[in-house]
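Listed below are the residues making up each chain.
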Amino acid sequence: MRIYNDIERIGIKDTIYTLQRALTFVYNDELLEPKIIHEFDRFRLIYKYGNINIGIELPLIELRGLNLTLEQLALDIKKRVISQYRYEIDKQYGGVYD
């Protein structure tokens, strides 16, 4: 089933709870749990890793058009967060870090 249909079925409050659980993951021995805010027909996901904040917006209109399951969405978001984190680290340290 598509994720947008699930949102309509279970409601926003339960969707936020479910998304928060599905989008929590471990990276470099650190638990990354997003803060999820719903406003103006979009979800804002905010991850904090060290001194770096990573924000992702998920408009409901975009979710409506995509044929994604929750697992596929979670994998996509995790890849985006890790990619953005690596980009921010490269920017801070000039590409040289441990």
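Residues numbered from 1 in each chain as written. Predicted model: local features only at pLDDT ≥ 70, side-chain atom pairs only at ≥ 80, totals over all residues. Heavy atoms only, no water.

Chemist: Would you mind showing me how to read the overall build of the chain here?
Modeler: Along the chain, the regular secondary structure elements total 4 helices and 5 strands. Along the chain, from the amino end to the carboxyl end, the secondary structure elements read α-α-β-β-β-β-β-α-α. Looking at the chain as a whole, 31% of its 98 residues qualify as buried. Within the chain, residue pairs in contact and separated by at least 24 positions form 43% of the contacts whose partners lie at least 6 positions apart. Approximately 6,600 Å² of the chain is accessible, and the part contributed by carbon and sulfur atoms is 49%. (Helix = DSSP H or I, 4+ residues; strand = E, 2+ residues; numbered from the N terminus. Buried < 20%, exposed > 50% of the residue type's maximum accessible area, 1.4 Å probe, protein only. Contact = heavy atoms within 4.5 Å. Areas by Shrake-Rupley, 256 points an atom, 1.4 Å probe, with all protein chains shown as cover.)

Chemist: Before we go on, may I ask you to explain the packing of aromatic side chains in this structure?
Modeler: The description of an aromatic ring pair rests on the distance of the ring centres and on the angle between the ring planes. Counted by the stated rule, this structure contains 4 aromatic pairs. Grouped by ring-pair contacts, the aromatic residues Y27, Y49 and Y85 constitute a single cluster. (Phe/Tyr/Trp six-rings, centres within 6.5 Å; stacked < 30°, edge-to-face > 60°.)

Chemist: Please explain the pattern of salt bridges as it appears in this structure.
Modeler: Opposite charge on two side chains lets them pair, provided their charged atoms get close. Within the structure shown, the criterion is met by 5 salt bridges. Note that R21 is salt-bridged to E33, the shortest N-O span being 3.5 Å. In this pair, R21 is assigned in helix α2 (residues 12-22) and E33 in the loop between β2 (30-32) and β3 (35-39), connecting sequence segments 12 residues apart. Given a relative accessible area of 43%, R21 falls into the partly exposed group. K91 is the salt-bridge partner of E88, the closest N and O atoms lying 3.5 Å from each other. On the criterion of helical spacing, the pair formed by E88 and K91 is a turn pair, its members being 3 residues apart in helix α4 (residues 70-93). (Salt bridge = Lys/Arg side-chain N within 4 Å of Asp/Glu carboxyl O.)

Chemist: Help me out: how do you make sense of the pairing of strand β5 (residues 52-59) in this one?
Modeler: Pairing of strand β4 (residues 42-49) with β5 involves 8 bridges; the strand directions are antiparallel. Bridge pairing links R42 to P59 in β5. Connecting β4 to the next strand, β5, in antiparallel fashion are 2 residues, including G50 with a positive phi near 65 degrees. (Pairing = 2+ DSSP bridges.)

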